[in-house]
Amino acid sequence: MNSSSHKLQLSGDKKYLLSFKSQDSLSKLLLRSVAWTVIGLLTIMIILLTRESFIAIEEFGLEFITTSYWNPVLEEFGGLAFIYGTLVTSFIAILLAAPLSILVALFIQEVCPDWIGKTLGLLVEMIAAIPSIVFGLWGLFFLAPIVREYIAPFLRQTFGFLPIFQGPSFGIGVLTASIILAIMIVPTITSLCREVFKVVPSHQREAALALGATRFEMMKIAVFSPSLSGIIGASVLGLGRALGETMAVAMVIGNSPAIVASIFAPGATLASVIANEYAESTSDMHVAALCLIGLVLFVITFIVNFIARGVIWHYTRKQGNR
Amino acid sequence: MNEKQTEQKVTLATKDLHAWFDDFHAVKGISVEYPEKTINAVIGPSGCGKSTYLRCLNRIHEEVPGAKASGEVSLLGQNIYAPHVDPVELRRNIGMVFQKPNPFPNMTIFENVVIGLKLQGYSKKSYLLEVAEHCLKKAALWEEVKDKLNRPGTSLSGGQQQRLCIARALAVNPPVLLMDEPTSALDPIASAKIEELMTELKKEFTVIVVTHNMQQAARIADYTSFLVLGELIEHGLSSQIFTNPKEQKTEDYVTGRFG
Amino acid sequence: MSYLQYRKLKNILFLGSLYMSALIALLPLFLILQYLILKGATSLNLDFFLHDPSPVGEAGGGMRHAIVGTLYMVGIGSLISVPIGLLCGIYLAEFGRGKTAKILRFTIDMLTGIPSIIIGIFAYILIVAPLQSFSALAGGFALSIIILPIVTRSTEEILKLVPTHIREAGLALGLPRWRVIFQIIVKGNFKSLITGIMLAVSRAAGETAPLLFTAFGNMYLNFQISEPMASLPVQIYTYAISPFDQWQEQAWAAAFVLITIVLGINLVSRALVNNKMIIGQSKRVINHTRLIRKKKGN
């Protein structure tokens, strides 16, 4: 080998059917068409869902989301009770889960030695891996009796002057569903919060400690406060997950389409009514009404996820510019 | 420009070469000739476009989204920016070594060296082994790795990885070897080894090296180009650039008063 | 009490509440696992894996049909979605700047957020209604939509971590870009990609809602793609809300098997790559964010 043997071949090699340029554009085209297939899939999903619920939209219009009368036999459908049930259970779940998750994330990121933190993180993510049907089963046979025997009586005695804590508890009901939801979204919020805390530069922590802050004050000043918008984003994503959760809720909420003040009473959510009735629905109007319920649920989760995306995007951009 | 240069065969020559990143004009009309079997250094303050310039020479610059280049670069007399030239095919004729050692992480030392040949359709194991030994010897790495050719390329030290990358670039026997700050990620001892290797490689190849280390350029390069803000300020024999520059800016830079 | 003592007390109380919160968050995990082992593992026997259900009132019977059904439909879902998900992830990581990529990224985010029950409705409208029958195909299709966004995201995240100079080394050797992508980038990260896929598959194996009115359920073993098919999650649901003690016991046993499969795949695939991955994708995300910040900082 020496340099006199240098041969140049610059244009297309005859060995190949296609030039490299066309190979590259072809592969890019292929990838792009797969991308558009997936985008098309979501579009078709939205279109089909709307089309199927069309006769219900025509029949009930806006009344569908302002009335709560739901009777498949008489073919009268109003979905307000389900919207209410969905929002209430998710809201209580966030109230329970968000503070807990933030504390757990702080504990793992700021207090624990590395290996304990990793193990804890792994265990928390294991909760996320448990199928929701298992949560439902456990909620039905383990949690519901505990709510009936201990939690509900305690709440009734302590805060019984509030209407939401009045009335009997049968175990299954809004409160049980909310607790199950809270357990299920803790991992989501925790791992997102951990990511948010990790991004805080360690020199900010050191600056706070150098000023004589206790660890609590350090976490408050240097970790929690600058991460607030990220924490909100994490909670909103958790909310999005809670809104759409189906099986666990369907098994413990009691499935009664009524708006009752007491959180001990049974209720129903958008997702649970679909799970309960879709397979057995016979009339076209019933199917359409259930599809419309699905569409409402879709729109709600879409909006919530969109907000979360916006908050997190805003947050990461701010971090990036810092 | 110089008598010695006109006697020698020119391997690579650029003529009015421009390069852009979106709207940013990074290289502004550079024309230089590189004679056969020489080491040519490109120096300049950081951000002067020297890396971009080098990356135009094997048309890898245009792979960055938003980047484009125009002008003429002739390799052994052929313009590589001519419309019929396939940039992928072109790159097989030019070796390139990067700032960070970057052996392919999923390949063994042996596979890393011969990947270029394999791509051109050579598959006979005995031939590939022969080439691998030849190239690793040229890259002064053979003695260190001959017993562990099947270990991953990333298991080597930084300096060894860089020599592996040089061997990988040599395997296709390119007339030109482009090196983009090949020693900036290495410690002084490993750097010295690479420099020594470059003077060896000069016997067979034309080397164009971008460096921010002026001492390095002065030590090893036959010719040196000095770039500021994408413009070629001065090009000439290293001895002249570093001892007797014609331009004030060059003198300021090489004496450390600027940049 | 001095102000400093007050601050120190607050600090101790806060640290205490951190410990408490970790305990409370993990309590359900231990309770569920304990309950599953107590009630589920004890009702397990060999018959459970080898027999189909026996009629109500008769002892014995198992869930062979549901285990087979779950594997079958998860298989269909993976066959559809793993290639598509990989390609989408590759597209986002390698050509992620254009308009198509932006829309795709948005779509994937939305698909991740869609409640799984809606995916069930979609599969029903698209496949069950035209074919006039619940079918394994519809169930598998619904599961594929669960798998797709997870595979896409993990693929994108993994490939984005490959430094640009590795790609350039390939290009400089005269590789066309598609071979750089597939032979160097994808091949070099094969193990991590598999982990992402396994996590997605384990998630799909536990899904109930999308199967309720697509695959429906079946009390017999079935291999026909156009027939209704049983699955572990749906079978658990059916048995759990039934009034028969024996069925409820079976539900617990099935839940134990299901969680063993799901957590098993999850843990094995995490361990498969390396210890660094134990805290999962979040680590990668963070490394990635750090990289970006570093770049922007310069």
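Model, not experiment: these values are computed from the prediction.

Give a detailed account of the overall build of chain A, specifying residues and quantitative values.
Scanning chain A for helices and strands turns up twelve helices and two strands. Going from N to C terminus, chain A has its helices and strands arranged as α-α-β-β-α-α-α-α-α-α-α-α-α-α. Over its C-alpha trace chain A gives a radius of gyration of 26 Å, far above what one expects of a compact globule, namely 20 Å for 322 residues. Taken along the three principal axes of its C-alpha coordinates, chain A extends 95 × 65 × 35 Å.

Break down the overall build of chain C for me, citing the residues and quoting the values.
The number of helices and strands found in chain C is twelve helices and zero strands. Walking chain C from its N terminus toward its C terminus, one meets helices and strands in the order α-α-α-α-α-α-α-α-α-α-α-α. With respect to the principal axes defined by its C-alpha atoms, chain C has extents near 75 × 70 × 35 Å. In chain C, which comprises 298 residues, the share counted as buried stands at 57%. Residue pairs in contact within chain C that sit at least 24 positions apart in sequence constitute 72% of those at least 6 positions apart. If you sum the accessible surface of chain C, you get close to 12,600 Å²; carbon and sulfur atoms cover 66% of it. Here chain C contributes 26 positively and 12 negatively charged side chains, and the mean placements of these two sets differ by 24 Å.

Hey, could you go over the environment of Leu 18 of chain C for me, with residue numbers and the actual values?
Residues and elements named next belong to chain C. Along the chain, Leu 18 falls in helix 1 (residues 3-40). On the basis of relative accessibility, which here comes to 0%, the residue Leu 18 falls in the buried class. Sequence spacing of Leu 18 and Ile 117 is 99 residues, and the spatial spacing of their C-alpha atoms is 36 Å.

Lay out the pattern of salt bridges with the relevant residues and their values.
Any two side chains of opposite charge can pair, given that their charged atoms come close. According to the stated counting rule, one finds 24 salt bridges over all chains in the structure shown. Asp 222 of chain B serves as the salt-bridge partner of Lys 202 of chain B, at 3.2 Å between the closest nitrogen and oxygen. Linking Lys 202 of chain B in the loop between helix 8 (188-201) and strand 8 (206-210) with Asp 222 of chain B in the loop between helix 9 (214-220) and strand 9 (223-228), this pair joins segments that are 20 residues apart in sequence. Overall, the relative accessible area of 25% leaves Lys 202 of chain B in the partly exposed class. One salt bridge connects Glu 94 of chain C with Arg 167 of chain C, and the closest N-O pair in it is separated by 2.8 Å. Note that Glu 94 of chain C is positioned in helix 3 (residues 64-94) and Arg 167 of chain C in helix 7 (residues 164-172), a separation of 73 residues in sequence.

Give me the lowdown on the sheet that holds strand 2 (residues 24-35) of chain B, citing residues and values where you can.
Working definition: the strands of a sheet are paired by backbone hydrogen bonds and lie parallel or antiparallel to each other. Residues and elements named next belong to chain B. Strands sit in the order 2-1-4-5 across an open sheet of four strands; the sheet is antiparallel. The sheet is open, and its two borders are formed by strand 2 and strand 5 (78-79), each paired with just one other strand. Examined bridge by bridge, strand 1 (residues 10-21) and strand 2 share nine bridges and lie antiparallel to one another. Within strand 2, the residue paired with Val 10 across the bridge is Pro 35.

Can you break down the packing of helix 4 (residues 109-119) of chain B against helix 7 (residues 158-170) of chain B residue by residue, with the values?
All names here are of chain B. At a minimum axis separation of 6 Å, helix 4 and helix 7 run at an interaxial angle of 35 degrees. Each of Ile 109, Asn 112, Val 113 and Ile 115 in helix 4 lies in contact with helix 7, whose residues at this interface are Leu 164, Ala 167 and Arg 168. For the contact of helix 4 with helix 7, a count of residues per class yields five nonpolar, one polar and one charged.

Lay out empty space enclosed by the protein in plain terms, naming residues and giving numbers.
Using the criterion set out here, one finds six cavities of 30 Å³ or more in the structure. Approximately 80 Å³ is the volume attributed to the largest cavity. Residue lining of the largest cavity: 16 residues in total, with Tyr 84, Val 174, Ala 258, Val 260 and Gly 267 of chain A positioned closest to the centre. In terms of residue count, the dominant contributor to the lining of the largest cavity is helix 3 (residues 80-111) of chain A (four residues). Of the volumes computed, that of the second largest cavity is approximately 60 Å³. Surrounding the second largest cavity, Arg 91, Ile 94, Gly 95, Met 96, Cys 165, Arg 168, Ala 169 and Val 172 of chain B together with Ala 169, Ala 172 and Leu 173 of chain C form its lining. Taken together, the residues of the lining of the second largest cavity break down into eight nonpolar, one polar and two charged.

Please provide a residue-by-residue account of unusual backbone geometry, values included.
In the Ramachandran plot, Glu 75 of chain A falls in the positive-phi region, its phi being about 55 degrees despite a non-glycine side chain. Its place among the elements puts Glu 75 of chain A in the loop between strand 1 (70-71) and strand 2 (76-77). A positive phi angle, near 55 degrees, is found at Asn 173 of chain B, a position not held by glycine. Here Asn 173 of chain B lies in the loop between helix 7 and strand 7 (176-180).

Explain the pairing of strand 3 (residues 39-43) of chain B to me, and be specific about the residues and the numbers.
Residues and elements named next belong to chain B. With respect to burial, strand 3 is a largely interior element, five of its five residues being buried. Side chains Ile 39, Ala 41 and Ile 43 project from strand 3 onto one buried face, and the interleaved Asn 40 and Val 42 project onto a second face that is buried too. Judged from the four bridges that link them, strand 3 and strand 8 form a sheet pairing that is parallel. By the bridge assignment, Ala 41 is partnered in strand 8 with Val 209. Alignment of strand 3 against strand 9, held across four bridges, turns out to be parallel.

Requested: an account of the state of the cysteines, with residues and values cited.
All names here are of chain B. All chains considered together, the criterion is met by zero disulfides over all chains. The cysteine Cys 48 is free of any disulfide, with Cys 56 supplying the nearest cysteine sulfur at 13 Å. By relative accessible area, Cys 48 is classed as buried at 1%.

Hey, could you go over helix 3 of chain C for me, with residue numbers and the actual values?
In this model helix 3 of chain C runs 43 Å from its N-terminal to its C-terminal C-alpha over 31 residues, within 8% of the 45 Å that 1.5 Å per residue would give. Along helix 3 of chain C, the largest kink reaches about 30 degrees and is centred on Ser 81 of chain C; proline Pro 83 of chain C follows within four residues of it.

Give a detailed account of the interface of chain A and chain C, specifying residues and quantitative values.
Listed by partner, the interface residues are 82 residues for chain A and 86 residues for chain C. A combined buried area of about 8,100 Å² lies between chain A and chain C, and 80% of that area is made up of carbon and sulfur atoms. Viewed at the interface, chain C and chain A are joined by three salt bridges. The tally of links between chain A and chain C comes to twelve residue pairs in polar contact (both at pLDDT 80 or more). Of all the elements, helix 1 (residues 20-52) of chain A adds the most residues to the side of chain A that touches chain C, at 19 residues.

Outline the packing of aromatic side chains, listing residues and values.
Counted under the stated rule, the structure contains 29 aromatic pairs over all chains. Arranged with centres 5.0 Å apart and planes meeting at 75 degrees, the rings of Tyr 35 of chain C and Trp 252 of chain C form a pair that is edge-to-face. Remark: Trp 252 of chain C occurs in helix 11 (residues 245-273) and Tyr 35 of chain C occurs in helix 1; sequence separation between them is 217 residues. For the pair formed by Tyr 35 of chain C and Trp 252 of chain C, the shared burial category is buried. Ring geometry for Phe 244 of chain C versus Trp 247 of chain C: centroids 5.3 Å apart, planes at 85 degrees, classification edge-to-face. Accessibility expressed as a relative area gives 13% for Trp 247 of chain C, which makes it buried. Grouped by ring-pair contacts, the aromatic residues Phe 60, Phe 64, Trp 70, Phe 77 and Phe 82 of chain A constitute a single cluster. Its end group placed over the ring of Tyr 81 of chain B, Arg 59 of chain B keeps NZ or CZ at 4.9 Å from the ring centre. Across from the ring centre of Phe 104 of chain B, 4.5 Å away, lies the NZ or CZ of Arg 168 of chain B, which sits over that ring.

Tell me what's going on with the side chain of Thr 190 of chain A, and back it up with residues and numbers.
All names here are of chain A. Locating Thr 190 in the fold gives a position in helix 6 (residues 174-199). The class of Thr 190 is buried, set by a relative accessible area of 1%. Once residues within four sequence positions are removed from consideration, Thr 190 is found in contact with Ser 101, Val 104, Ala 105 and Val 124.

Hey, could you go over the pairing of strand 8 of chain B for me, with residue numbers and the actual values?
All names here are of chain B. Where burial is concerned, most of strand 8 is hidden: five out of the five residues are buried. Here strand 8 shows a buried face lined by Thr 206, Ile 208 and Val 210 and a second buried face lined by Val 207 and Val 209. Sheet topology note: the strand 7/strand 8 ladder contains five bridges and is parallel. Residue pairing across strands places Leu 178 opposite Ile 208, the latter belonging to strand 8. Once the chain exits strand 7 it traverses helix 8 before rejoining the sheet at strand 8, and the crossover so formed is right-handed.

Rules used in this analysis
- Residues numbered from 1 in each chain as written.
- Chains lettered and ligands numbered in written order.
- Predicted model: local features only at pLDDT ≥ 70, side-chain atom pairs only at ≥ 80, totals over all residues.
- Heavy atoms only, no water.
- Helix = DSSP H or I, 4+ residues; strand = E, 2+ residues; numbered from the N terminus.
- Rg over C-alpha atoms; globule rule 2.2 N^0.38 Å.
- Buried < 20%, exposed > 50% of the residue type's maximum accessible area, 1.4 Å probe, protein only.
- Contact = heavy atoms within 4.5 Å.
- Areas by Shrake-Rupley, 256 points an atom, 1.4 Å probe, with all protein chains shown as cover.
- Lys, Arg positive; Asp, Glu negative; His and termini not counted.
- Charge placed at Lys NZ, Arg CZ, Asp CG, Glu CD.
- Salt bridge = Lys/Arg side-chain N within 4 Å of Asp/Glu carboxyl O.
- Pairing = 2+ DSSP bridges.
- Axes fitted to C-alpha atoms, helices over the stretch in contact; angles between N-to-C directions.
- Nonpolar A, V, L, I, M, F, W, Y, C, P; charged D, E, K, R; others polar.
- 1 Å grid on protein atoms, 1.4 Å probe; cavity = no way out; pocket = protein on both sides within 12 Å on 5 of 7 lines; lining within 4 Å.
- Points joined across faces, edges and corners; volume = space filled by probe spheres on them.
- Disulfide = S-S within 2.5 Å.
- Expected span 1.5 Å × (residues − 1).
- Bend = angle between axes of the 7 residues up to and from the residue.
- Buried area = accessible area lost by both parts, 1.4 Å probe.
- Polar contact = N/O pair within 3.5 Å; in protein donor to acceptor, adjacent residues only side chain to side chain.
- Phe/Tyr/Trp six-rings, centres within 6.5 Å; stacked < 30°, edge-to-face > 60°.
- Lys NZ or Arg CZ within 6 Å of the ring centre and 35° of its normal.
- Right-handed = clockwise from strand over helix to strand, strands pointing away.

Coordinates in, geometry out; function isn't part of it.
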